[in-house]
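# Structural description and commentary
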Amino acid sequence: MEFRFECIFEKKLIGLKLNMSLSSNRTFELWQKFMLRRNEIQNQVNSSLYSLQNYPPNYFSNFSPDNKFDKWALAEVENFDFVPNGMFTFNLPAGNY
């Protein structure tokens, strides 16, 4: 797998999230639930899907595989006018990723 950096504009994303740790990885569960419901998301920009990890402050300062973080399964949308029940919004700021 090759990695790349991109400069992107802000993205509006809708999807599901689960709190997990590396030692208690629930990625399969998250994506399984998301894929069953992804067609409920209206105004999708394209067919791309996003996996995002949101780590709390100091997550890496005192690293442990048991530290918790939020993992997201997301689709990009034009706006947040309709958010399906049980789903969440996430604004990904513009920047270099």
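Residues numbered from 1 in each chain as written. Predicted model: local features only at pLDDT ≥ 70, side-chain atom pairs only at ≥ 80, totals over all residues. Heavy atoms only, no water.

### A word on the overall build of the protein chain
Assigned secondary structure in the protein chain consists of 1 helix and 6 strands. For the protein chain, the sequential pattern of α-helices and β-strands runs β-β-α-β-β-β-β. Across the 97 residues of the protein chain, 30% fall into the buried class. Once local pairs closer than 6 in sequence are excluded, the contacts in the protein chain between residues at least 24 apart make up 72%. Per element, the accessible surface of the protein chain, about 6,700 Å² overall, is 51% carbon and sulfur. (Helix = DSSP H or I, 4+ residues; strand = E, 2+ residues; numbered from the N terminus. Buried < 20%, exposed > 50% of the residue type's maximum accessible area, 1.4 Å probe, protein only. Contact = heavy atoms within 4.5 Å. Areas by Shrake-Rupley, 256 points an atom, 1.4 Å probe, with all protein chains shown as cover.)

### Focus: the environment of Phe 3
Position of Phe 3 among the secondary structure elements: in the segment before β1 (7-8). Counting along the chain gives 65 residues from Phe 3 to Lys 68, while the straight-line C-alpha distance between them is 25 Å.

### Details of the nonpolar core
Leu 30, Phe 34 and Ile 41 are the most contacted members of the largest nonpolar core, which has 14 residues in total. Elements that contribute at least two residues to this core include exactly β2 (11-21), α1 (27-37) and β4 (68-77). Membership of the second largest hydrophobic core comes to 7 residues, among which are Leu 13, Leu 52, Trp 72 and Phe 90. (Core = buried A, V, L, I, M, F, W, Y, C linked by side-chain atoms within 4.5 Å.)

### Section: the pattern of salt bridges
Inspection of every chain in the model, using the stated rule, returns 6 salt bridges. Note that Glu 6 is salt-bridged to Arg 4, the shortest N-O span being 2.4 Å. The exposed category is assigned to Arg 4, whose relative accessible area is 64%. Arg 26 is paired through a salt bridge with Glu 29; the nearest N and O atoms lie 2.9 Å apart. For Arg 26, a relative accessible area of 28% translates into the label partly exposed. On the accessibility criterion, Glu 29 (26% relative accessible area) is partly exposed. Linked through salt bridges whose partners overlap, the residues forming this network are Arg 26, Glu 29 and Lys 33. (Salt bridge = Lys/Arg side-chain N within 4 Å of Asp/Glu carboxyl O.)

### Quick look at the pairing of β2
Across the 11 residues that make up β2, a large majority, 8, are buried. Pairing of β2 with strand β5 (residues 88-92), which is carried by 5 bridges, proceeds in the antiparallel orientation. For Ile 14, the partnering residue across the bridge sits in β5 and is Thr 89. As defined by bridge partners, β2 adjoins β4 across 10 bridges and the pair is classed as antiparallel. Across the sheet, residue Leu 16 finds its bridge partner in β4, namely Ala 73. (Pairing = 2+ DSSP bridges.)

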